[in-house]
Amino acid sequence: MGAGDERSRVPLLIFSGITKLSDKDCRAQRNAKTDTTIKRGRRSYPRLADKPFSAFSAVLTMIEKGASVDAACARLPVWPDPGVRIFGEYIAPLHKGLLSWIHHAAGSYVTALRNDPFYQDTYHERATSGWRLRYAPSATDRPRELRIWGRSHIYMHHDQLVRELRIPYNGTAGRRHHPAEEIGFLAYVLATGKPVADDDRDAASPQRVRVVEVGCADGTLSVICDMTPEEADDAFSSTTAPLLDRLLSPPARNVGRDCLDCKIRDDCGLLRRAPGLLDLDGHGLPPRIWSVTAGRYHADCPAKAHFRALQLPDDPSTEEPAAIRQGRAVHAWLRDLHERRPLRPCSPGDLPTEPSRWEAGGYALDGAVAEQAAEMLRHHLRVCPLLGLPPESQVRCERSVVVEDRRANILALADVDMLYQRDGSWVYRELKTTSSAHPVPGPLLLWRYPQLALAVLLFESGAIPLGSGSAIELELLAPHGPDVRLIDPSSPRIREKARSVVRKGSAAWHEDDLYPPAPDERTCGACSYRYFCPSAIGASRT
């Protein structure tokens, strides 16, 4: 048997997350992830744990085996202690703030299950190794193994055998959308799958399958589905199976955050390489993603930047400032207008019908804040980038642009508000809202808005093709009117200044891999992670 034939017999390992891919995700990366015959090259690993759910899962397993939350968390290594193996999996040392979050999350998880009345009528409960389902769509297709992520349990509820999947979520349960394709995937594997561990006992078919989401921020619980095996079969056949066939067909590539963990990154023709982009040496450091926002967070507090990179939840009691909500609502409103097809510029009929109360992108505004934002939208009509563009022009809203700097061992990433073509050349448009009546002087523009400096380097590296008419536009919307500033990305003087700005914003972040807290009253007072940060000033912890 040849290597190709042997590879074709190895099942693709598919988790339910594949059902939630958007057009902006890279399906080639996700498909390569399912293929266990494609091996990842050697890489350096961080000194601190960068996958919070590995340690969290170990804690939940210890709790299921009878340990208290305190005792389970006490077994986790915290820097500078070395990493340990728990249930056969290596757990790297944790940042103290991550340990604090895990302790809080585990307590919330336990509380959510303890307080739900449904479980008072269950008995003979036990944890399982999880469930897998193997099948081949046809005799010529490569077999697939479907897996589900979460905490798997079997129990009796009255006279029914139930298989249940509990999905820990680091926010409030019930707030995430679970598409029908994902629900069909989870329910079908629960209903028909076999134990992942060969020595797992009791694979009897259930009379009922449940998927519940457990909110680890606040101890909430939400039932995602509660089905019979027949209903699960119907859900999978009608929605999930057709989607998997489409997703696993020859996939499109997209550059973005998926590039960091991509096993086929070296073979990607879309990812632009620019060794020395940041003028930093990353020898021996793990690969990471740098963005202007990551650098800004690190400048505020390295621990804050680490918590954000770990995607830990914001403090639900921390309300975003009105100016932030206002800016995001304006961004979302204009994005929806600019993504219309066929293309057309924004017009007076596109403005909010009730200026004193409107919503966009999940950000609801009212009163003076809403009226001010509506006035900003009205000013945008005069400077809309789609004015004069043919309807067939290329326009891309809120897309990621990535450059790989192998010398620094980082991916530099920008989430661009808009890229559009004018007369055959790409133009970068950045949108900012401000209540200030004082314009930023031209020489300080790149320092005030370092996203523009990174944009210059993206043009220079070729990540954004540089044409004769290429430009970087900064659209400033204020209540008193619009202001559009132009930057020439081909200017040697501008490029030199941009390199200085980007290096200053990345150097301290790049050399840091321990992320010590830098508490002060101003930073901690506005930090949305303060409720679990052990070093936060003025934080109230439960």
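Caption draft 1: Quick peek at the state of the cysteines. In total, this model carries 0 disulfides according to the counting rule given. Free cysteine Cys268: the closest other cysteine sulfur is in Cys259, separated by 6.1 Å. Looking at the unpaired Cys384, the closest cysteine sulfur is the one in Cys346, lying at 3.8 Å. For Cys384, a relative accessible area of 4% puts it in the buried group.

Caption draft 2: Structural view of the environment of Glu392. For Glu392, the position within the fold is in the loop between α11 (367-380) and β16 (395-405). Here Glu392 falls in the exposed class, since its relative accessible area comes to 65%. Sequence spacing of Glu392 and Leu343 is 49 residues, and the spatial spacing of their C-alpha atoms is 7.1 Å.

Caption draft 3: Inspection of the pairing of β16 at higher detail. In the sheet, strand β12 (residues 272-273) pairs with β16 via 2 bridges, with the strands oriented parallel. The partner of Arg273 across the bridge, within β16, is Glu404. Between β16 and strand β17 (residues 410-422), which pair antiparallel and follow one another directly, the connecting turn spans 4 residues, one of which, Asn409, has a positive phi of 60 degrees.

Caption draft 4: How the structure looks around unusual backbone geometry. At the junction of Trp79 and Pro80, the peptide bond is cis and its omega measures out at 15 degrees in the coordinates. One can find Pro80 in the loop between α4 (69-74) and β2 (84-86). Positive phi values are uncommon outside glycine, yet Asn409 reaches one of about 60 degrees. Take Asn409: its relative accessible area is 22%, and that puts it in the partly exposed class.

Caption draft 5: Fine view of the pattern of salt bridges. All chains considered together, the criterion is met by 33 salt bridges. Between Arg273 and Glu404 there is a salt bridge, with its nearest N and O atoms 2.9 Å apart. With a gap of 131 residues between them, Arg273 in strand β12 and Glu404 in strand β16 connect regions that are remote in the sequence. Overlapping salt bridges, with partners in common, bring together Glu125, Glu164, Arg166, Arg208, Arg210 and Asp226 in one network.

Caption draft 6: The packing of aromatic side chains, seen in detail. Tallying each qualifying case throughout the model produces 14 aromatic pairs. For the pair Phe53 and Trp149, a centre-to-centre distance of 5.5 Å together with 85 degrees between the ring planes defines the contact as edge-to-face. Here Phe53, found in helix α3 (residues 52-64), pairs with Trp149, found in the loop between β6 (144-147) and β7 (151-157); they are 96 residues apart in sequence, far enough to count as distant. Arranged with centres 5.3 Å apart and planes meeting at 90 degrees, the rings of Phe118 and Tyr119 form a pair that is edge-to-face. Each member of the pair Phe118 and Tyr119 is classed as buried.

Caption draft 7: Up close: the sheet that holds strand β9 (residues 194-195). Taken together, the 4 strands give an open sheet; going across it, the order is β1-β6-β5-β9, and neighbouring strands pair in mixed fashion. Edge positions in the open sheet fall to β1 (12-15) and β9, since each of these has one partner strand only. The strands touched by helix α6 (residues 180-192) are β1, β5 (131-135), β6 and β9; relative to β5, the strand with the most contacts, the crossing angle is about 95 degrees.

Caption draft 8: Representation of the nonpolar core in the model. Counting residues in each nonpolar core, the largest one holds 46 residues, and the members touching the most others are Val59, Ile63, Leu76, Leu94, Leu98, Trp101 and Ile102. Elements with a contribution of two residues or more to this core: α3, α4, α5 (96-115), β10 (208-215) and α9 (302-309). Take this core: its biggest share by element is 9 residues, from α5. Trp290, Leu454, Ile464 and Ile472 belong to the second largest nonpolar core, which has 39 residues in total.

Caption draft 9: Quick peek at a positive patch on the surface. A cluster of basic side chains, namely Lys24, Arg341, Arg396 and Arg399, defines a positive patch on the protein surface. Relative to the helices and strands, Arg399 is located in strand β16.

Caption draft 10: Here's a closer look at the sheet that holds β10. Taken in spatial order, the 5 strands make up an open sheet running β4-β7-β8-β10-β11, and their pairing is mixed. Whereas interior strands pair on both sides, the edge strands pair on one side only; in this sheet they are β4 (122-127) and β11 (220-227). Pairs of neighbouring strands in the sheet enclose a mean axial angle of 25 degrees, with direction left out of account. Judged from the 7 bridges that link them, β7 and strand β8 (residues 160-169) form a sheet pairing that is antiparallel. In the sheet register, Ile154 faces β8, and the bridge partner there is Arg163. Of the strands in this sheet, β4, β7 and β8 are in contact with α3, which crosses β7 at around 30 degrees. Against the sheet, α5 contacts β7, β8, β10 and β11, and its axis sits at roughly 135 degrees relative to β10.

Caption draft 11: The environment of Asp141, seen in detail. Structurally, Asp141 can be placed in the loop between β5 and β6. Judged by its relative accessible area of 37%, Asp141 falls in the partly exposed class. Sequence separation between Asp141 and Arg9 is 132 residues; the distance between their C-alpha atoms is 9.3 Å.

Criteria and cut-off values
Residues numbered from 1 in each chain as written. Predicted model: local features only at pLDDT ≥ 70, side-chain atom pairs only at ≥ 80, totals over all residues. Heavy atoms only, no water. Disulfide = S-S within 2.5 Å. Buried < 20%, exposed > 50% of the residue type's maximum accessible area, 1.4 Å probe, protein only. Helix = DSSP H or I, 4+ residues; strand = E, 2+ residues; numbered from the N terminus. Pairing = 2+ DSSP bridges. Salt bridge = Lys/Arg side-chain N within 4 Å of Asp/Glu carboxyl O. Phe/Tyr/Trp six-rings, centres within 6.5 Å; stacked < 30°, edge-to-face > 60°. Contact = heavy atoms within 4.5 Å. Axes fitted to C-alpha atoms, helices over the stretch in contact; angles between N-to-C directions. Core = buried A, V, L, I, M, F, W, Y, C linked by side-chain atoms within 4.5 Å. Patch = residues over 30% accessible without salt bridge, like charges linked within 9 Å, V, L, I, M, F, W, Y side chains within 5 Å. Areas by Shrake-Rupley, 256 points an atom, 1.4 Å probe, with all protein chains shown as cover. Lys, Arg positive; Asp, Glu negative; His and termini not counted. Charge placed at Lys NZ, Arg CZ, Asp CG, Glu CD.

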